[in-house]
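This is what each chain is made of:
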Amino acid sequence: MRRFAQAAFDFACWVVAMPLAVAFRYDFSAPMEDMRRGIQIGLIMGSFQVVAGLLLHLYRGRYKFGSFDEVSGVVITAALVGGSITLASLLTEDHYVPRSTPILATGMALTAMLAGRFLVRSIRERRRITRSGPRTIVLGAGEAGDELITAMLLDPNSDYDPVALLDDDPSKQRLRLHGVPVRGTSNDIGSMAAS
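Because the structure is a prediction, the values reported are computed rather than measured.

**Q** Would you mind showing me how to read the layout of surface pockets here?
**A** The gaps left among the atoms become clear once a water-sized probe is rolled over them. Here the second largest pocket defines a volume of roughly 150 Å³. Taken together, 10 residues make up the lining of the second largest pocket; nearest its centre are Ile 41, Ile 85, Ala 88, Ser 89 and Tyr 96. Elements supplying a minimum of two residues to the lining of the second largest pocket: helix 2 (32-55) and helix 3 (68-91). Here the lining of the second largest pocket is composed, by residue class, of 7 nonpolar, 2 polar and 1 charged.

**Q** Hey, could you run me through a nonpolar patch on the surface in this one?
**A** Taken together, the side chains of Val 16, Leu 20, Phe 24, Phe 28 and Leu 104 present a nonpolar region at the surface, about 460 Å² in accessible area. Of all the elements, helix 1 (residues 2-25) adds the most residues to the nonpolar patch, at 3 residues. Mapped onto the elements, Leu 20 comes out in helix 1. Note on Leu 20: relative accessible area 35%, which makes it partly exposed.

**Q** Just checking my understanding: could you explain the packing of helix 2 against helix 3 for this structure?
**A** Packed helices, taken two at a time, are described by the angle their axes make and the gap between the axes. For the pair helix 2 and helix 3, the least separation of the axes is 9 Å and the interaxial angle reads 140 degrees. Judged by the inter-axis angle, helix 2 sits oblique to helix 3. For the crossing formed where helix 2 meets helix 3, the hand is right-handed. Contact residues: Ile 41, Ile 44, Met 45, Phe 48, Gln 49, Ala 52 and Gly 53 in helix 2; Thr 77, Ala 78, Val 81, Gly 82, Ser 84 and Ile 85 in helix 3. Here the residues of the contact of helix 2 with helix 3 sort into 8 nonpolar, 5 polar and no charged.

**Q** Please explain the nonpolar core as it appears in this structure.
**A** Where a protein is soluble and globular, its nonpolar side chains tend to be buried together. The biggest cluster of nonpolar side chains holds 22 residues, and the ones touching the most others in it are Trp 14, Met 18, Ile 41, Met 45, Ala 109 and Met 113. Elements with a minimum of two residues in this core: helix 1, helix 2, helix 3 and helix 4 (100-128). In this structure Ala 109 touches Cys 13, Trp 14 and Ala 17, once residues within four positions along its chain are discounted. If you look at the next biggest cluster of nonpolar residues, it comprises 9 residues, including Ala 141, Leu 153, Leu 177 and Val 180.

**Q** How should I be thinking about the pattern of salt bridges in this particular structure?
**A** Any two side chains of opposite charge can pair, on the condition that their charged atoms come close. The final tally for this structure, using the stated rule, is 4 salt bridges. Residues Glu 33 and Arg 36 are paired through a salt bridge, measuring 2.2 Å at the closest nitrogen-oxygen approach. Remark: Arg 36 and Glu 33 occur in helix 2; sequence separation between them is 3 residues, near one turn of the helix. Owing to a relative accessible area of 37%, Glu 33 belongs among the partly exposed residues under this scheme. For Arg 36, a relative accessible area of 37% gives the class partly exposed. The salt bridge partner of Glu 33 is Arg 37, with a shortest N-O separation of 3.5 Å.

Calculation criteria
Residues numbered from 1 in each chain as written. Predicted model: local features only at pLDDT ≥ 70, side-chain atom pairs only at ≥ 80, totals over all residues. Heavy atoms only, no water. 1 Å grid on protein atoms, 1.4 Å probe; cavity = no way out; pocket = protein on both sides within 12 Å on 5 of 7 lines; lining within 4 Å. Points joined across faces, edges and corners; volume = space filled by probe spheres on them. Helix = DSSP H or I, 4+ residues; strand = E, 2+ residues; numbered from the N terminus. Nonpolar A, V, L, I, M, F, W, Y, C, P; charged D, E, K, R; others polar. Patch = residues over 30% accessible without salt bridge, like charges linked within 9 Å, V, L, I, M, F, W, Y side chains within 5 Å. Areas by Shrake-Rupley, 256 points an atom, 1.4 Å probe, with all protein chains shown as cover. Salt bridge = Lys/Arg side-chain N within 4 Å of Asp/Glu carboxyl O. Buried < 20%, exposed > 50% of the residue type's maximum accessible area, 1.4 Å probe, protein only. Axes fitted to C-alpha atoms, helices over the stretch in contact; angles between N-to-C directions. Parallel < 35°, antiparallel > 145°, perpendicular 65-115°, else oblique. Left-handed = near helix turned anticlockwise from the far one by under 90°. Contact = heavy atoms within 4.5 Å. Core = buried A, V, L, I, M, F, W, Y, C linked by side-chain atoms within 4.5 Å.

Structure below.
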């Protein structure tokens, strides 16, 4: 169901983006015939998105939801769809829609697809955060510290509640990882543990 929902959402992004791009092109005074064509092209682009996504395994569970790999897959798929329609528009003499609209629609659809994924991932992470167990200080706010904080917060079986990070890098003193702040350096571990 999740994969079907992703494909349906991406399809809908194109169906909305293309007529919206036509409306932008005409300063929201587009003739009805052009808007109708925009919807038709949007349906075609949405269908291409689903087919290309299936071929590239975007909707087959290859990528972890909201990961960098999935973002790359979405960008590549949208670029293929937008590029093919733009090329077809440039090569045909009878321009079904203004030439600039597929390019604009690609940017809009891609933005919507990525924003939707970011929103869903943010909601999921907020729901899954657990705040139980002993209060824990994590030493290091680099990649390893980030992964450790993520595991503590998102693992329902975690026995730890991260409340602070310590890092000796001055550039990380105002950093927050998943809502957990850097509160000092390794020299502060004694005072932090006592507080």
